[in-house]
Amino acid sequence: MATFFGETVTLSSRAVDEEDEEEGEDENEEDREIKRELEKKREVHLQWNADFSRQFETSSDKTLQISELIIAVGYNASGFLSAFALSSGNWETAGNISLWNEKSRFSRETSLEHPGEPSCIFYRKDENPEVLGSIEKRSLKVTILSDCPVANYRSPEYISAIPVPFLKALKTRTYNENLCCSSLEQPNVVSGIPAAVLSYCQVHQIPAVLYQCYTDVVKLDSVTVETYKSTLSCSSLRKLIKHFWSLVEPDDYKNLHQAALKMSALFGSTYLCDSAISDMNVMKSKFRTRLTDEHLNDSIRVNLSGYTPPYTSLVDSMQCQSSD
Amino acid sequence: MFVPVGNASPTFKDSILIMPAVSVGNVGQLAVDLLISSLNMPCVGYIHTDCLIPMVGNDPYATSEESSSELCTNAEVYFLPEKKLAVLQIRSPTVKSKTRQFRHLILSWIKSNRFSQSILLSSSHAYQCDDRQLSGSPLRYLQTLEMKNIIGDKLQKLDLNELETTPAFPGIRETEQQLWIPGGGITKRFFTECSSEHIPLAVLLIFCSEGDNIPEAFTLMNFLNQWLHLVETTGLCKLGKPVDWHIMAVEEETKAPALKDKASVSELQF
């Protein structure tokens, strides 16, 4: 295509890249060798801890029986799971995935996790050893939480009219539970790891659901993390969360927080009732034959009120022997 | 590779296969979308491969509330046994280092299912047209020898021109002529590989530029309809547009179409 200045430029296309056409055309043995080396370096390695490796070996079909798999992709999704799931209950590290590509700053040989580098760690819950990264497909349910920039969301309305961040859901054919938010409308699509996992589950008829949070903040952000709270009503996450209200900041939802804590402690103990009844037994002794129900009511009320009469001032105001 | 939706795998023997190439303007994919939604073709299976960039979304052809939450993956096969018509829709581009593997995958799938004819819908950069191609119809065709044996001169009789070859070194006269399809994606290599594997394949392509390529999709589809008589109509508006073509403004009776889910995925470059 010619520009105003007479130079010719290649037009770019949204669909194809011109470089694709030259791929593999004049490859010699050296090029192929380099490609093979690169492929090997880019392989994804999955490492399980010693306990797990043993479990794999001892199981009859070299698989691990798992019923729930929860995957978080993105800073906010993993922050949400760390804060709400991993912090309640005992979770142990089960394994990790290491990979390398040209964008990594560190070589594969260093096995430490580097902050800022992409990493993947598997956790397993002690009390509920069926919640984890799975291998076995039978009776497996998958939940995926993922972040996405709101700039990728397409809608006939203006984005500024939609309150951000918000959640949208996609589910496979075999997933039967209710969704915690509305379904992702056409023509929006999801790509990357969530899409790969969901495609696999759709093809192999595994019930799976993806909750994608559209946010305008790419890094870890508390408002975005809180948006994921509505996913706690789905069954996979609900059973992981204990003492939920104790994890909520008291300042955020002050009244609700206090009411919830009080409700949870409502029948914590019967001490108060028992002590009131013992006091009543002391009052209603066999010698108090003229005690009426009304008197008893009032006496118990006074007893339970915790009010201490100001004896000193009462006594001071009384004259025992008055002279007329 | 091919995973059927239910437990039963459908038999594609002697059916016609129509598939798009991810090419400039996504015209092939748009035309296939038109075809699937016009004929209400049901999805019978998935092409499950790591050669395509993963992508999922809700059903773009949904006509009701329930079906609009059906998940769709990046490569699906639709089939109408009564018309012996199978359609493969590819919604995302190939991973760069795996185009060859993908071509071989599709080729071996076509061979093993013994389709009677295969048709690849594609497009090419209009700005690369030479003088002969600038005038007249923007449609061109290519066919392998096996395809020619089956359909003969049908495409020429429908006033379609075969894609002209271009000199390997432009400007120099005595140089070999070669096929050149800029912006066609896997089209050229797939065609040459099908020729050498003796697969009956026809390529229908249109010269176009990036932009609102819905009219080009209609042009391609109308020609295909003239050839194969898939939909009983002569008018444009009978060909049903997929429900999700709604964001772009076009003056048609039905809901305004927009295809860019395919476009947005094709923009993903890894």
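In this text the structure is predicted, and so the values were computed from the model without any measurement.

A. Structural detail: unusual backbone geometry. Between Val 164 of chain A and the following residue, Pro 165 of chain A, the backbone shows a cis peptide bond with an omega angle of 0 degrees. You will see that Gln 205 of chain A, though not glycine, has its phi angle at about 55 degrees, which is positive. As for its placement among the helices and strands, Gln 205 of chain A is situated in the loop between helix H4 (193-203) and strand S8 (208-215). Here His 229 of chain B, not a glycine, exhibits a phi torsion of approximately 55 degrees, which is positive. You can see His 229 of chain B is positioned in the loop between helix H7 (214-228) and helix H8 (261-266).

B. Fine view of the confidence of the model for chain B. Residues and elements named next belong to chain B. Taken residue by residue, chain B gives an average pLDDT of 79. The fraction at 70 or more is 83%. Taken element by element, the predicted model of chain B shows its lowest mean pLDDT in H8 (40) and its highest in strand S2 (residues 16-20) (93). Below pLDDT 50 for its whole length, residues 234-270 participates in 102 contacts with residues either more than four positions away or in separate chains. With pTM at 0.72, the complex prediction returns an ipTM value of 0.80.

C. The arrangement of the nonpolar core in detail. All names here are of chain B. Among the nonpolar cores identified, the biggest contains 41 residues, and Ile 18, Ile 119, Leu 204, Leu 224 and Trp 227 are the most heavily contacted of them. Dropping the residues within four chain positions of it, Leu 224 is found in contact with Ile 18, Ile 119, Leu 121, Leu 204, His 229 and Leu 230. Ranked by size, the runner-up nonpolar core spans 38 residues in total, among them Phe 2, Ile 47, Val 77 and Phe 190.

D. Looking closely at the pattern of salt bridges. The full count for this structure, using the stated rule, is 9 salt bridges over all chains. Notably, a salt bridge pairs Arg 173 of chain A with Glu 70 of chain B, separated by 3.5 Å at the nearest N-O pair. Pair noted here: Arg 173 of chain A is in the loop between strand S6 (166-171) and strand S7 (189-191) and Glu 70 of chain B is in the loop between strand S4 (55-58) and strand S5 (71-72), and the two residues belong to different chains. The partner of Glu 76 of chain B in a salt bridge is Arg 91 of chain B, and the shortest N-O contact between them spans 3.0 Å. In this pair, Glu 76 of chain B sits in strand S6 (residues 75-80) while Arg 91 of chain B sits in the loop between strand S7 (85-90) and helix H2 (99-113), placing the two residues 15 residues apart along the sequence. The buried category is assigned to Arg 91 of chain B, whose relative accessible area is 2%.

Cut-offs applied
Residues numbered from 1 in each chain as written. Chains lettered and ligands numbered in written order. Predicted model: local features only at pLDDT ≥ 70, side-chain atom pairs only at ≥ 80, totals over all residues. Heavy atoms only, no water. Helix = DSSP H or I, 4+ residues; strand = E, 2+ residues; numbered from the N terminus. pLDDT = per-residue confidence, 0-100. Contact = heavy atoms within 4.5 Å. Core = buried A, V, L, I, M, F, W, Y, C linked by side-chain atoms within 4.5 Å. Buried < 20%, exposed > 50% of the residue type's maximum accessible area, 1.4 Å probe, protein only. Salt bridge = Lys/Arg side-chain N within 4 Å of Asp/Glu carboxyl O.

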